[in-house]
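An overview of the molecular structure
Read off the chains here:
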Amino acid sequence: MPATRPGVRGAVITGWGTALPDTVLTNADLEKQMDTSDAWIRERTGIHQRHVGGSTASLSTASGRAALEMSGVDPADMDALVLATTTPDRAVPATASTVQHELGLACGAFDVNAACSGWVYALVNAHGLIAMGADKVLVIGTDTLDRITDYTDRNTGILFGNGSGAVVLEAVDGPGQLLSWDLDSVGEAESALFCEIGGVLQMEGREVFRRAVRIMVDSATKSMRHAGVTADDIALVIPHQANTRIIAAALERLGIEYERSSIVLDTTGNTSSASVPLALAAALDAGRVDAGDLILFVGFGAGMTAASSIIRWSPDAVEARP
Ligand code: COA
C-alpha cells in the first residue's frame, strides 16, 4: 500500500476544531447503573468520564465551524465535506448533507463509515480529492455512541461516548504533509464488534483487544515503511482512543515510548470517528507539535478496520498555497 507518489498535489492542515456535548457521564455515575467501579474502569481502560448528548450533525457543525474559523477559509470556497461517522443521525440523507447546509458550504458532502478508523479513512480520501483538483476539503469525525450503547451493560457501557473533531485541508503547490497511508479491513472478524440497525453495540472485549493491538502495529508499521521512516523518527503518535492498555501495548511493540502519544480518552472515552481528531487537536493546542515533526495517525475499529498515515507537520507550507 501506498506512499504518496512524487508529483502528486499535496495538502496541509490549516485549521482544526472540536466539540464535546456538555453532559458528562462519570465512572461514579456508571457505578449506580451497573456492577462496576471507578477504580476498575480507570485501571482496565484509562477512562474517567465520557460526554453524552447532542446529535452527530450538531457536534459536526460545531467542530467544523471552529476549524473553518481558524483556517480563515470562506465556507463558500470549500470544495468538499467528508464526514466520518458510525452513528449518522438518519439512514438517509448522509449527515454530511445536514452539516453542509448548517455551515453554509456549497460543495459535495458525504459520510464515511469505517468505524473507529473512520477519520483516518476520511483524511486519506480527502487527500485523494485534493490530488484530483479540489483546493479545500473539510474533514470531520463525529460519533454519538450514546445512541447505540447500553449504559447498564458493563461489557460495553464503560467505554463509549460522544464527540467531534475537524480539520480544514488546503492544497499547496508541491508536496503536502501526507507522506504515506494504509487502510485495512479484516471482515472475517466483524462478529467481534457490531451493532444491528436499531440495536446496541455487542462486543467480545478480549478478542477486540487482542486483534486491536496486532492490527494497529501492522498498519503503523506499513505506513512507516512506505514513508521510509522508523519509529525513532516519529515525534508524536495520535492513536485511536479506545483503551490506554491497548495503546501502551501497541506502542511498546512499535518501539515508541508512551510519552510520544496524545491521549484524551481519560476525559472522552472512546468516541470512535472523533477520537483521532480530538487527540490531534489536544496536542496542537498544547503546543506539542513543531514544524517538521512527523505525526503518525493510527486507528482501528469494528470491521475490523485499521488505518494509519504519516504527515510531516508543515504550517509554513500554507504560504505556498495556490
Ligand atoms: N467492571 C468491573 N469488573 C468487570 C467489568 C466492569 N465493567 N467488566 C469485566 N469485569 C470483570 C470480569 O467479570 C472479570 O472478572 P473475573 O476475573 O472474576 O472473571 C474481570 O473483570 C476481567 O474481565 P475481562 O473481560 O478479562 O476484562 P479485560 O481486562 O479484558 O477488560 C475490556 C475488558 C472491555 C475493558 C477490554 O477487554 C477491552 O478494552 N477490550 C477492547 C474493547 C475496545 O476497545 N472496543 C472498541 C474498539 S474500537
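All of these numbers come straight from a predicted model, not from anything done at the bench.

1. Considerations on the nonpolar core
Counting residues in hydrophobic clusters, the biggest one holds 46 residues, and the most contacted among them are I234, I256 and I310. Mapped by element, the contributors of at least two residues to this core are α6 (205-227), β11 (234-239), α7 (244-254), β12 (294-301) and β13 (305-312). Dropping the residues within four chain positions of it, I234 is found in contact with M224, V229, I256, R260, L294, L296 and I310. Counting 41 residues, the second-largest nonpolar core is a separate cluster that includes V124, A134, V139 and A274.

2. What about the domain arrangement of the protein chain?
Here the protein chain is described as being made up of domain 1 (10-172) and domain 2 (178-315). Buried surface at the junction of domain 1 and domain 2, summed over both partners, amounts to about 3,600 Å²; 66% is from carbon and sulfur atoms. Our enumeration of links across domain 1 and domain 2 arrives at zero salt bridges. Of all elements in the fold, only β1 (10-19), α2 (38-45), β3 (49-52), α5 (118-131), β6 (136-144) and β7 (162-172) reach the threshold of two or more residues within the side of domain 1 that touches domain 2. At seven residues, the largest contribution of residues to the side of domain 1 that touches domain 2 is made by α5. For the side of domain 1 that touches domain 2, the class distribution of residues is 20 nonpolar, 21 polar and five charged.

3. Side note on helix α3 (residues 56-71)
Spanning 16 residues, α3 covers 22 Å between terminal C-alpha atoms, matching the ideal 22 Å at 1.5 Å per step. Looking at α3, one finds that the buried residues are T56, A57, L59, S60, T61, S63, G64, A67, L68 and S71. Elements that come into contact with the buried residues of α3 comprise β1, β4 (80-84), α4 (95-103), β6 and β7.

4. Considerations on the pairing of strand β5 (residues 108-112)
Of the strand pairs in this sheet, β4 and β5 are connected by five bridges, and their pairing is parallel. Residue A84 lies in a different strand from β5, and its bridge partner there is V112. Taking the sense of rotation as the criterion, the β-α-β connection linking β4, α4 and β5 turns out right-handed.

5. Structural notes on unusual backbone geometry
A cis amide bond links V92 with the next residue in sequence, P93, at an omega value of 0°. Checked against the element boundaries, P93 lands in the loop between β4 and α4. Geometrically, the link from G303 to M304 is a cis peptide bond, its omega value of -15° lying close to zero. As for its position among the elements, M304 is in the loop between β12 and β13. Phi at A115 takes a positive value of approximately 50°, unusual for a residue other than glycine. Along the chain, the position of A115 falls in the loop between β5 and α5. Taking relative accessible area as the criterion, A115 reaches 7% and is therefore assigned buried. Of note in the backbone geometry, S272 takes a positive phi value of approximately 55° without being a glycine.

6. Considering the site of the ligand
Neighbouring residues of the ligand: 23 residues in total, closest T36, R44, R154, R206 and N243. One of the side-chain N or O atoms of R44 is found 2.9 Å from an oxygen atom in the ligand. Backbone polar atom of G205 to a nitrogen atom of the ligand: 2.9 Å apart, as the coordinates give it. Of all the cavities here, the one that holds the ligand is the second largest pocket.

Rules behind the numbers
- Residues numbered from 1 in each chain as written.
- Predicted model: local features only at pLDDT ≥ 70, side-chain atom pairs only at ≥ 80, totals over all residues.
- Heavy atoms only, no water.
- Core = buried A, V, L, I, M, F, W, Y, C linked by side-chain atoms within 4.5 Å.
- Buried < 20%, exposed > 50% of the residue type's maximum accessible area, 1.4 Å probe, protein only.
- Helix = DSSP H or I, 4+ residues; strand = E, 2+ residues; numbered from the N terminus.
- Contact = heavy atoms within 4.5 Å.
- Domains from an automatic or database assignment.
- Buried area = accessible area lost by both parts, 1.4 Å probe.
- Salt bridge = Lys/Arg side-chain N within 4 Å of Asp/Glu carboxyl O.
- Nonpolar A, V, L, I, M, F, W, Y, C, P; charged D, E, K, R; others polar.
- Expected span 1.5 Å × (residues − 1).
- Pairing = 2+ DSSP bridges.
- Right-handed = clockwise from strand over helix to strand, strands pointing away.
- Near = heavy atom within 4 Å.
- Polar contact = N/O pair within 3.5 Å; in protein donor to acceptor, adjacent residues only side chain to side chain.
- 1 Å grid on protein atoms, 1.4 Å probe; cavity = no way out; pocket = protein on both sides within 12 Å on 5 of 7 lines; lining within 4 Å.
- Sits in = over half its atoms within 2 Å of the grid points.

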